[in-house]
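Single-letter residue listing:
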Amino acid sequence: MAKAKSQKVAADSPAAKPVLLSGGNPQIAKGYGDVPVQAYIAAMPGWKSGTGRRLDQLIMQAVPNVQKAVKWNSPFYGMEGEGWFLGIHCFTKYIKVAFFRGMSLKPVPPGESRSKDIRYFHIHENDRLDEEKFVSWVKQASQLPGERM
């Protein structure tokens, strides 16, 4: 009985690693600001963590006053009072970047969605990220009305 209790305490401790959900997406508690987003990025498995750090840096450079949150186990980026313009999610073999008004971006990101407005950009392990295009999408997206979630 004591052993089970000590395992529970260990799992709840700050040093415990977040649970990875299906596809390797980190389970991070809902929260607003940079702290939960950085916790998500740190918990991204393998190569995805470094890529997540770079995406976060590029977003911050493109939109210095961006607002951040983790909702539904995914980081969201948005503008104060304007809603969320971008979300990130881990899958087994790639990172999915969702542009919530992606159909309005030039060029339109390549990944289709069931939603008429959303477009996706997938990043696989050995992909070379076109940072210039990504930053252009981020800047454009930040100037459009965001999603209220």
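These notes cover the structure that comes with them. Nothing here was measured: the structure is a model prediction, and the numbers come from that model. (Residues numbered from 1 in each chain as written. Predicted model: local features only at pLDDT ≥ 70, side-chain atom pairs only at ≥ 80, totals over all residues. Heavy atoms only, no water.)

## Quick word on the nonpolar core
Condition: In these notes, a set of buried Ala, Val, Leu, Ile, Met, Phe, Trp, Tyr and Cys residues joined through side-chain atoms within 4.5 Å is what counts as a nonpolar core. Three labels apply to residues, based on accessible area from a 1.4 Å probe with only protein chains included: buried if under 20% of the type maximum, exposed if over 50%, partly exposed otherwise in between. Only DSSP runs of H or I with at least four residues qualify as helices, and only runs of E with at least two residues qualify as strands; both kinds are numbered from the N terminus onward. Whether two residues are in contact is decided by their heavy atoms: any pair within 4.5 Å suffices.
Membership of the largest hydrophobic core comes to 31 residues, with the highest contact counts inside it found for Y77, F85, L86, V97, F99, F134 and V138. Looking at this core, the elements that each hand over two or more residues are helix 2 (34-43), helix 3 (47-62), strand 3 (74-79), strand 4 (83-90), strand 5 (94-99), strand 6 (119-124) and helix 4 (131-142). Considering each element in turn, this core owes the most residues, five residues, to helix 4. Ignoring any residue separated from it by four or fewer positions in sequence, one finds F85 in contact with V63, V66, Y77, G78, M79, A98, F99, F100, V138, A141 and S142. Residues A69, F76, A98 and I118 belong to the second largest nonpolar core, which totals seven residues.

## Details of the pairing of strand 3
To keep it simple, the criterion reads: By this definition, two strands are paired if DSSP reports at least two bridges between them.
For strand 3, the buried fraction is high: six of the six residues fall into the buried class. Residues S74, F76 and G78 line one face of strand 3 and the alternating positions P75, Y77 and M79 line the opposite face, and both faces are buried. Bridge analysis of strand 2 (residues 67-71) against strand 3 gives five bridges, and the strand direction is antiparallel. In the strand pairing of strand 3, K71 is matched with S74. Relative to strand 4, strand 3 is paired through four bridges, and the arrangement is antiparallel. Within the sheet, the bridge partner assigned to G78 lies in strand 4 and is W84. With antiparallel pairing between neighbouring strands as the criterion, strand 3 and strand 4 make up a hairpin whose turn holds three residues, including G81 at a positive phi of roughly 75 degrees.

## Considerations on the layout of surface pockets
Under the convention used in this document: Think of a 1 Å grid over the protein atoms and nothing else: a 1.4 Å probe that fits but is trapped marks a cavity, an open set flanked by protein within 12 Å on at least five of seven lines marks a pocket, and residues with an atom within 4 Å of a point count as lining. Grid points are joined across faces, edges and corners, and a volume is the space filled by probe spheres set on the points. Note that Gly is not counted as nonpolar here; it falls among the polar residues with everything else outside the nonpolar set of Ala, Val, Leu, Ile, Met, Phe, Trp, Tyr, Cys and Pro and the charged set of Asp, Glu, Lys and Arg.
Considered as a void within the structure, the largest pocket measures approximately 160 Å³ in volume. Surrounding the largest pocket, W72, S74, F76, G87, I88, H89, F91, K96, A98, F100, I118 and Y120 form its lining. Among the secondary structure elements, those contributing two or more residues to the lining of the largest pocket are strand 3, strand 4 and strand 5. The element best represented in the lining of the largest pocket is strand 4, accounting for three residues. A class-by-class count of the residues in the lining of the largest pocket yields eight nonpolar, three polar and one charged.

## Topic: the packing of aromatic side chains
As a reminder of what qualifies: Note on aromatic contacts: the rings of Phe and Tyr and the six-membered ring of Trp form a pair at centre separations within 6.5 Å, being stacked when their planes are under 30 degrees apart, edge-to-face when over 60 apart, and tilted otherwise. Definition used: whenever NZ (Lys) or CZ (Arg) falls within 6 Å of the ring centre and also within 35 degrees of the ring normal, the charge is taken to sit over that ring.
In the structure shown here, the tally under the stated rule is seven aromatic pairs. With 5.1 Å between their ring centres and 15 degrees between their planes, F91 and Y94 make a pair best called stacked. On the numbers, 5.2 Å between centres and 65 degrees between planes, the contact of F121 with W137 is edge-to-face. Taken together, the positions of F121 in strand 6 and W137 in helix 4 put the pair 16 residues apart, joining distant regions of the chain. There is no split in this pair, since F121 and W137 are both buried. Following the ring pairs from residue to residue traces out a cluster consisting of W72, F76, W84 and F100. Lying over the aromatic face of Y120, K96 brings its terminal NZ or CZ to 4.0 Å of the ring centre.

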